[in-house]
Each structure stands twice: as structure tokens, then as C-alpha cells.
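Geometric and topological summary
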Amino acid sequence: MCRCGRTRRAPRRLRRAPEMAPPRRRTTRWRPSSSLLMGQCSESRFVFPALGGLLFGYDIGATSGATISVHSATLSGTTWFGLSSVQLGLVASGSLYGALGGSILAYRIADFLGRRVELITAAGLYISGALVTGFAPNFVVLIIGRLLYGIGIGLAMHGAPLYIAETCPPQIRGTLISLKELFIVLGILFGYLVGSLEIDVVGGWRYMFGFGAPLAAIMAVGMWTLPPSPRWLLLRAVQGKSPVEDNKRKAIQALRRLKGQSASDKVLTDEVDNNLASIRAAYADQESEGSIFQVFEGASLKAFTIGGGLVLFQQITGQPSVLYYATSILQTAGFSAASDAAKVSILIGLFKFLMTGFAVFKVDDLGRRPLLIGGVSGITIALLLLAAYYKILSGFPYVAVGALLLYVGSYQVSFGPISWLMVSEIFPLRTRGRGISLAVLTNFGSNALVTFAFSPLQGYLGPANIFLLFAAISVLALVFVILNVPETKGLSLEDIESKILK
């Protein structure tokens with residue numbers, strides 16, 4: 001009996017061991033991912049590059065109130081308040097021109113400076129631009145300050161997604177890069193709030209513009225505490241701009257600061273060696289660093305088609321036009337808040353913030369393509385409904401309200417955050433800096449084009465036909481996304497380059 005009992009218990013022990021093994025293996029595999037999400041990646045650090053987006057958004061929101069204040073005879077607090085329409089337009093769009101210049105400047109110097117130094121420089125330009133504008137003694141100095149601030153925008157919109165993409169793991173790359181778009185919307189809301197508080201103060205426009213300086217100081221100090229991008233350090237070594245062993249050591253130190261002291265030397269060294277091998281493979285058949293011509297060749301051309309196409313459609317599918325009509329649409333529907341433009345702006349801004357937050361926290365679960373396809377489809381339907389409202393459904397204002405909210409929500413879960421996310425991760429490493437510079441230039445250039453073309457189009461076509469035109473462009477955008485935009489969820493930057501761009 002004893003012998004039989006032992007015979008039966010022994011197999012049970014042998015069977016039990018394999019049954020317990022899988023959970024132990026799953027737990028081991030899960031821990032690195034968890035540490036990346038919490039300790040190793042230290043997501044809170046990525047708030048500092050994302051502040052570049054908040055300061056961009058703040059300028060958009062604050063300018064709407066500042067242009068009213070600076071032009072007012074009673075509120076300007078200056079003797080040169082009688083600005084012409086052209087001068088007032090320069091005040092409003094001066095930062096846009098600066099951003100165009102900043103994106104061109106980024107093309108020339110970004111790879112030399114590195115992502116971290118580029119963002120510190122952007123913060124310095126934000127500070128100087130805000131202070132020069134806030135203390136401007138005359139119109140010329142005011143415009144100089146607006147241009148300086150805009151150059152900071154151009155550098156920040158280039159450097160922030162690039163730094164985040166190169167320093168965080170693929171599992172949460174989408175969330176962290178999209179955080180910049182969430183901060184842009186938050187900045188717009190903050191700008192509206194400051195504007196509403198200072199709009200009745202004499203010289204309130206100085207406070208509206210100047211308040212960007214302390215925010216930029218936080219960004220500058222925060223970026224100073226962060227390490228440089230390890231991938232950029234290795235790129236400079238492969239390009240022959242720095243000693244390989246020295247930059248390998250610096251890259252390991254940067255990774256340790258990003259991932260925490262718990263990461264072992266072997267893990268860090270292996271990751272650096274793997275990245276170095278990937279970069280060397282990208283340069284295997286090339287002798288010089290990426291130029292503007294190489295951005296339009298091979299894998300880089302495919303990347304620019306995807307990234308540049310997304311930021312182009314982001315601007316030409318009518319967002320400024322839809323928001324232009326937002327107040328009149330809400331007034332027609334009988335909303336009392338619509339009588340106050342500031343309250344309407346805050347209402348729409350809150351809705352934009354909520355929808356952007358949904359996209360930010362779901363992009364790494366749902367993927368890029370589903371959000372883009374669903375969002376652009378919603379944009380198209382919303383534009384068709386708005387056109388129908390102005391043509392045949394004017395007696396049903398709630399159709400217009402619903403279409404307005406559908407448009408804003410669809411935009412904020414698709415083109416808003418996803419375009420910049422794709423731009424930051426789709427370019428090959430050797431042309432990433434310059435490729436993103438061209439994408440930023442495309443974005444701000446098309447923004448300027450839409451801004452200047454809107455007024456004559458409005459007078460020539462009328463609102464119904466404008467919305468039909470933008471609906472047709474949105475259909476083209478949807479076809480472009482379906483046929484050209486790949487899914488990059490969960491892929492490392494090296495995997496994107498080797499598997500998607502080849």
C-alpha cells in the first residue's frame with residue numbers, strides 16, 4: 001500500500017511542477033513591461049518636453065483676447081492702440097511666421113544640437129519672446145517678440161515628439177507623444193482663461209503674452225535635468241561626429257537615468273549595442289548624413305509621404321473654418337453661453353480636451369489606424385451635415401450643434417494627436433531630424449495658407465460650399481489614410497524602419 005501511495009504521489013508532484021511553471025514565466029515576462037510603465041520610463045519626466053506643446057496652445061488661446069485688448073482705446077494702455085487691420089493681423093499671426101522660421105532653423109541645426117538642447121533653446125526663445133512682447137514699448141518691438149516666441153514654437157514642435165519617441169519604450173510611445181497634443185489643448189484652455197481674467201484690465205494684453213515666461217522657465221529647468229537622447233548620441237558616433245566609445249558610455253548613462261538604477265549594466269549595454277548595430281546597418285551603404293535630397297529617396301520618401309500627408313490634411317480639412325462658425329451655430333441653437341465668445345471658446349476647449357484625453361490614453365490599445373479611419377470618417381460626416389444645415393436644414397439648429405461637436409470630437413481623436421505621433425515615429429533614424437523638420441514646415445505652411453485663403457473663400461463661396469469643399473478634401477484624406485498609413489502600435493523605431501519602410 002505504501003509503495004502504491006508513493007507511486008501515485010510522485011506523478012502528482014511531477015504534474016504539479018509543470019502546471020505552476022507557466023504562471024512564473026508569465027510573471028517574469030510581465031515585470032519588465034510594468035517597470036517600463038512605472039519606474040524605468042519615468043513618464044512624469046516627459047511632461048517637460050510636452051510643455052512645449054502647452055506653450056504653443058497657450059499662445060493660441062491668449063492671442064484671441066490679447067488682440068482685442070491691444071486694439072482697444074480704453075484697455076490698451078498705449079498711445080499706439082490704433083492698429084490697422086494688417087498690423088492687427090501681424091500681432092495675431094506673428095508667432096505663426098516665427099514658427100515657420102523655427103521649423104526651417106530646426107532643419108539646419110537640430111541634428112547638431114540634439115533633441116534636449118533644442119528643447120532648452122526653444123524654452124529660452126519662449127521666455128525671451130514672452131518678455132519682449134509683454135514689455136513692448138511700441139508696435140515694432142511687439143512684433144519682434146511675437147516672432148521670437150514663434151521660433152520657439154517651431155523648435156519645440158520639432159524637438160518634443162522627437163525626444164519622446166527616441167527615449168521611451170514602444171508600449172507607451174503613442175500615449176507619451178500624444179500627451180503633447182493634450183497639452184496643446186490644455187494650453188489653449190489656459191490661454192482662454194487668462195484672457196478672460198485680464199480682458200478688462202488696462203494693459204491686460206501684456207499679462208496675457210507675458211505669462212508664458214514662467215511656464216517656459218519650468219520647461220527649461222525640467223529639460224536641463226533630463227539626459228540627452230541615447231539614440232542621438234549613437235547617431236552622432238556613427239556619423240563620425242563623436243568618438244564611438246565615449247558616446248556609447250554616455251548613451252548607457254542616459255539610459256540609466258531614464259530607466260532608473262534598477263536596470264542592470266548588462267541590460268543597458270545590450271540595448272545600446274543593439275541600437276548601435278541598427279544605426280550602423282542604416283548607414284551601411286551611406287557615407288554622409290541625411291540631406292534634404294535623401295529625405296525624398298527610398299524609405300525616407302515613403303515616411304515623408306505618410307507623415308507630411310497627415311500634417312497637410314490636418315490643416316486643410318477645415319478646422320479653423322468650423323471653429324470660426326462655432327459661435328453663430330450655438331447662438332442659432334439658443335444657447336445663452338453663445339452670447340459670450342470667451343465662454344463659447346472655453347466650452348469647445350473643454351470638449352476638445354476630453355476627446356484628446358480619450359485618444360491619448362487609448363492610442364496604444366486601439367492603434368493608430370482605427371483612430372484615424374474612425375476620426376476622419378466622423379469629420380467627413382460632420383462637414384456634410386454642416387453644409388446641409390446652411391443649404392437646406394437651417395430650421396434645425398441642433399443638427400448644426402451636433403455636427404459641430406462631432407467634428408471637434410472626431411478631429412481630436414484622429415488628426416489632432418495621431419498626425420504628430422506618426423511623424424515622430426515613421427522616419428528612419430538617419431533622416432529623422434530633417435524629415436520631421438520638413439513635416440513641421442509643411443504643417444505651419446499649410447496652416448498659413450488656410451488662414452490667408454479662408455476670408456476670400458468665405459466671401460466667394462459662402463459657408464455651405466466651404467463645408468462641401470472641406471468634406472471633399474476629407475474624403476481624399478480618408479482614402480489616403482486607408483491606402484498609405486501603416487499601423488505602428490507596439491513596434492520599436494527600429495522595427496518600423498526595417499519592417500514597414502522597406
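All of the points below concern the structure found in this document. Since this is a predicted model, take the numbers as computed values, not measurements. (Residues numbered from 1 in each chain as written. Predicted model: local features only at pLDDT ≥ 70, side-chain atom pairs only at ≥ 80, totals over all residues. Heavy atoms only, no water.)

Before going further, it helps to examine the overall build of the protein chain. The helix and strand inventory of the protein chain stands at 20 helices and zero strands. A buried classification covers 54% of the 502 residues belonging to the protein chain. Within the protein chain, counting contacts between residues at least 6 apart in sequence, those at least 24 apart form 82% of the total. Of the roughly 21,500 Å² that the protein chain leaves accessible, carbon and sulfur atoms contribute 66%. (Helix = DSSP H or I, 4+ residues; strand = E, 2+ residues; numbered from the N terminus. Buried < 20%, exposed > 50% of the residue type's maximum accessible area, 1.4 Å probe, protein only. Contact = heavy atoms within 4.5 Å. Areas by Shrake-Rupley, 256 points an atom, 1.4 Å probe, with all protein chains shown as cover.)

Counting across every chain of the model gives six salt bridges. Across the salt bridge formed by Asp273 and Lys248, the nearest N and O atoms sit 3.0 Å from each other. Highlighted residues: Asp273 in helix α11 (residues 265-282) and Lys248 in helix α10 (residues 244-259), separated in sequence by 25 residues. Given the relative accessible area of 30%, Asp273 is considered partly exposed. One network of salt bridges, with partners in common, ties together Asp364, Arg368 and Glu425. (Salt bridge = Lys/Arg side-chain N within 4 Å of Asp/Glu carboxyl O.)

Next up on the list: the packing of aromatic side chains. What the rule picks out here adds up to 11 aromatic pairs. Centroid distance Phe313 to Phe480: 5.5 Å. Interplanar angle 50°. Geometry classified as tilted. A residue pair is termed long-range when its members are at least 10 positions apart, and Phe313 in helix α12 (residues 298-316) and Phe480 in helix α19 (residues 429-484) qualify at 167 residues. For Phe480, a relative accessible area of 12% translates into the label buried. (Phe/Tyr/Trp six-rings, centres within 6.5 Å; stacked < 30°, edge-to-face > 60°.)

Here Arg116 shows up in helix α4 (residues 115-134). Buried charged residue Arg116 carries no salt bridge. Nearest counter-charge: Glu118, at 12 Å. In this structure, Arg116 is in contact with Tyr163, Met223, Trp224, Leu226, Pro227 and Pro228, ignoring residues within four places of it in sequence. (Lys, Arg positive; Asp, Glu negative; His and termini not counted.)

To continue, consider the nonpolar core. Within the largest apolar cluster, 122 residues are counted, with the highest numbers of intra-cluster contacts made by Tyr126, Met219, Leu310, Phe415 and Phe444. Examining the composition of this core, we find that 17 residues originate from one element, α19, more than from any other. Aside from chain neighbours lying at most four places away, what touches Tyr126 is Gly52, Leu55, Phe56, Tyr149, Gly152, Ile153, Ala156, Ala216 and Met219. Ranked by size, the runner-up nonpolar core spans 12 residues in total, among them Leu233, Leu235, Val272 and Leu429. (Core = buried A, V, L, I, M, F, W, Y, C linked by side-chain atoms within 4.5 Å.)

In this structure, Val401 sits in helix α17 (residues 397-412). Val401 sits 16 residues away from Leu385 along the chain, and the two C-alpha atoms are 9.9 Å apart.

Taken as a whole, this structure holds one cavity of 30 Å³ or more when the rule is applied. For the largest cavity, the calculated volume is near 50 Å³. In terms of lining, the largest cavity is formed by Tyr58, Asp59, Ala62, Gly129, Ala130, Thr133, Arg146, Tyr149, Met208 and Phe209. Of the residues contributing to the lining of the largest cavity, the split by class is six nonpolar, two polar and two charged. (1 Å grid on protein atoms, 1.4 Å probe; cavity = no way out; pocket = protein on both sides within 12 Å on 5 of 7 lines; lining within 4 Å. Points joined across faces, edges and corners; volume = space filled by probe spheres on them. Nonpolar A, V, L, I, M, F, W, Y, C, P; charged D, E, K, R; others polar.)

This part is about a nonpolar patch on the surface. Together, Val475, Val479, Ile482 and Leu483 make up a nonpolar patch on the protein surface, roughly 360 Å² of accessible area in all. Mapped onto the fold, Val479 is located in helix α19. (Patch = residues over 30% accessible without salt bridge, like charges linked within 9 Å, V, L, I, M, F, W, Y side chains within 5 Å.)

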